[in-house]
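So the chains spell out like this:
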Amino acid sequence: MQLYDKHFRPYLTEDQVMAAVKKVADAVAEDYKDETPIFVGVLNGSFMFVADFLKVYQHPCEVSFVKMSSYEGLTSTGIVETLLDVSEDIEEKSVIILEDIVDTGRTLKELIHMFSNINIKEFKIATLFYKSEIYTGEYTIDYFGMEIPDKFIVGYGLDYKELGRNLRSIYQLNEPHMINLVLFGKPGAGKGTQAEFLKEKYNLKHISTGDLFRYNMKNDTELGQLAKSYIDKGDLVPDEVTIKMLEDAVDKSPDASGFIFDGFPRTTAQAEALDTFLESKGMKIDATIALEANDEILIQRLLERGKVSGRTDDQDENKIRNRFDEYNQKTAPLKDFYENQDKFHSVNGIGAIDEITQRLAKVIEEL
Ligand code: AMP
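All values reported here derive from a predicted model rather than from experimental measurement.

Looking only at helices and strands, the protein features twelve helices and 15 strands. Summarising its shape, the C-alpha atoms of the protein cover approximately 90 × 40 × 30 Å along the three principal directions. Counting the 367 residues in the protein, one finds 47% classified as buried. Within the protein, counting contacts between residues at least 6 apart in sequence, those at least 24 apart form 70% of the total. Accessible surface, the protein: about 18,600 Å² in total, of which carbon and sulfur atoms supply 49%. Averaging the locations of the 43 positively and 65 negatively charged side chains of the protein gives two centres separated by 6 Å.

A few words now on the domain arrangement of the protein. Many authors give the size of an interface as the accessible area that is lost as the parts come together. Looking at the protein, the domain boundaries give domain 1 (2-173) and domain 2 (179-366). The C-alpha-based centres of domain 1 and domain 2 are spaced at 51 Å.

Taken together, 16 residues form the shell around the ligand, and within it Thr-209, Arg-214, Asp-235, Gly-263 and Gln-270 come nearest. Within the backbone of Asp-235, one N or O atom sits 2.6 Å away from an oxygen atom of the ligand. The backbone of Val-237 places a nitrogen or oxygen atom 3.0 Å from a nitrogen atom of the ligand. Contact with the protein chains hides 96% of the accessible area of the ligand, taken as 480 Å² for the molecule alone. With four residues, the single largest contributor to the shell around the ligand is helix α5 (residues 209-218). When the residues that make up the shell around the ligand are grouped by side-chain class, the tally is five nonpolar, five polar and six charged.

So, on to the sheet that holds strand β10 (residues 170-173). Overall, antiparallel pairing links the four strands, which are arranged β1-β2-β10-β9 in an open sheet. Each edge of the open sheet carries a strand with a single partner, namely β1 (2-3) and β9 (153-154). Both β1 and strand β2 (residues 6-12) contribute to a ladder of two bridges, which runs antiparallel. Bridge pairing in β2 places Gln-2 opposite His-7.

This part is about the nonpolar core. Counting 27 residues, the largest nonpolar core has Val-28, Phe-53 and Phe-129 as its most contacted members. Taken together, the elements giving at least two residues each to this core come down to α1 (14-32), α2 (47-56), β6 (94-102) and β7 (122-130). Looking at this core element by element, the count peaks at eight residues for α1. When sequence neighbours within four positions are dropped, the list of residues in contact with Phe-53 reads Val-21, Val-24, Ala-25, Val-28, Phe-39 and Leu-98.

A separate point is the packing of aromatic side chains. For the coordinates displayed, the defined rule picks out 16 aromatic pairs. Ring geometry for Tyr-4 versus Tyr-160: centroids 6.3 Å apart, planes at 75°, classification edge-to-face. With Tyr-4 in the loop between β1 and β2 and Tyr-160 in the loop between β9 and β10, this pair connects stretches of sequence that are 156 residues apart. Judged by relative accessible area, which is 2%, Tyr-160 ranks as buried. Between Phe-49 and Phe-53, the ring centres sit 5.8 Å apart and the planes meet at 75°, which makes this aromatic pair edge-to-face. Taken as a pair, Phe-49 and Phe-53 lie in helix α2 at a separation of four residues, close to a single helical turn. For Phe-49, a relative accessible area of 0% translates into the label buried. Among the aromatic residues, those joined into a cluster by ring pairs are Tyr-4, Phe-8, Phe-152 and Tyr-160.

It is worth spelling out the pairing of β2 at this point. Counted between consecutive antiparallel strands, the loop separating β1 from β2 contains two residues, among which Tyr-4 sits at a positive phi close to 50°. Across four bridges, the pairing between β2 and β10 is antiparallel. What sits directly across from Arg-9, in β10, is Gln-172.

Moving on: the side chain of Thr-104. Inspection of the secondary structure puts Thr-104 in the loop between β6 and α3 (106-116). Within the structure, the side chain of Thr-104 is placed 3.3 Å from the backbone nitrogen of Arg-106, a separation counted as a polar contact.

Time to look at the environment of Asn-180. Assignment of secondary structure puts Asn-180 in strand β11 (residues 179-184). For the pair Asn-180 and Ser-257, spaced 77 residues apart in the sequence, the C-alpha separation amounts to 8.6 Å. Dropping the residues within four chain positions of it, Asn-180 is found in contact with Gly-258, Phe-259, Phe-261, Met-283, Lys-284, Ile-285, Asp-286 and Ala-287. A polar contact is formed between the side chain of Asn-180 and the backbone nitrogen of Phe-259, at a distance of 3.0 Å.

Criteria and cut-off values
- Residues numbered from 1 in each chain as written.
- Predicted model: local features only at pLDDT ≥ 70, side-chain atom pairs only at ≥ 80, totals over all residues.
- Heavy atoms only, no water.
- Helix = DSSP H or I, 4+ residues; strand = E, 2+ residues; numbered from the N terminus.
- Buried < 20%, exposed > 50% of the residue type's maximum accessible area, 1.4 Å probe, protein only.
- Contact = heavy atoms within 4.5 Å.
- Areas by Shrake-Rupley, 256 points an atom, 1.4 Å probe, with all protein chains shown as cover.
- Lys, Arg positive; Asp, Glu negative; His and termini not counted.
- Charge placed at Lys NZ, Arg CZ, Asp CG, Glu CD.
- Domains from an automatic or database assignment.
- Near = heavy atom within 4 Å.
- Polar contact = N/O pair within 3.5 Å; in protein donor to acceptor, adjacent residues only side chain to side chain.
- Nonpolar A, V, L, I, M, F, W, Y, C, P; charged D, E, K, R; others polar.
- Pairing = 2+ DSSP bridges.
- Core = buried A, V, L, I, M, F, W, Y, C linked by side-chain atoms within 4.5 Å.
- Phe/Tyr/Trp six-rings, centres within 6.5 Å; stacked < 30°, edge-to-face > 60°.

So, in structure tokens, the structure goes:
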């Protein structure tokens, strides 16, 4: 379901909504059936809730409305506007606010303030939906129909830019899905080259552990000095150093819509650490895509690259062969690791650069 530029998916059925309405109405009735409370609906969002609440609440009561709003589009603006005051004589009555949703509690704070100046018997808050995770108000919510996570919802009175109020059930905003990819393959397979294209195409953050090490070596940092001795020989840098560096790099981009991991993981320990780390952040690897090419082609590519890149590990065939040995021993087993997770994809890494990009894009788009 689409409203303007946003897509929403079904979240609560009409029956689930009605069960939540009934839960609030029954709880309030239990406490107030022997008096005549005044229910104050908070417009615009609560009109459906108030109507259905009253159909369930079959005891003496009065009804009024206030109009308030703190949302513009998807986010709470923090500015709560009071557009209409209660007009009825409410002194000496129990006032029960009927809210469609309580999230940060800003609208509530304004309401509580509004009623604190009026001499009333009792003041209670009843809300259909309650985002308890983000509620920061001091006032304890007296009645709620259902606790919901901090996701934007529309329908049953709630809107996105004024649309969606007439939907009978509740829909939740479809957050753009994060894509996290591992580019896999031997040195020279084209991981870095392809990552440059893919990061633009899919708006991803590219993290190359090789580039990070080279940056640190160039700036002669402690990490760079430590890594240099390994990299110069074509050996892998120890896991604990590499894993920590990778985690720091991910943490530096909390708003990324996904990552391309290039040159990481290169050992089973790194792959396991990556899974644990991503899981702790509610993230996961979606696919590991291997760029396949044979050793002789790769050696030629690396020696050519060594002439322009200045990378000493690309200029010596013995070092290159050592890097391949390291790959075969330590990195190749990751194929099984990702195959077991059903995430391994293989792409022919030989051909024109844009052809290879298209092969990778095909895999990504089918995910
Ligand atoms: P690359 O640019 O990916 O070919 O990496 C160059 C060198 O950096 C490798 O030969 C390793 O010495 C080191 N390196 C890069 N990534 C890793 C990693 N994930 N684990 C261990 N060493 C790495």
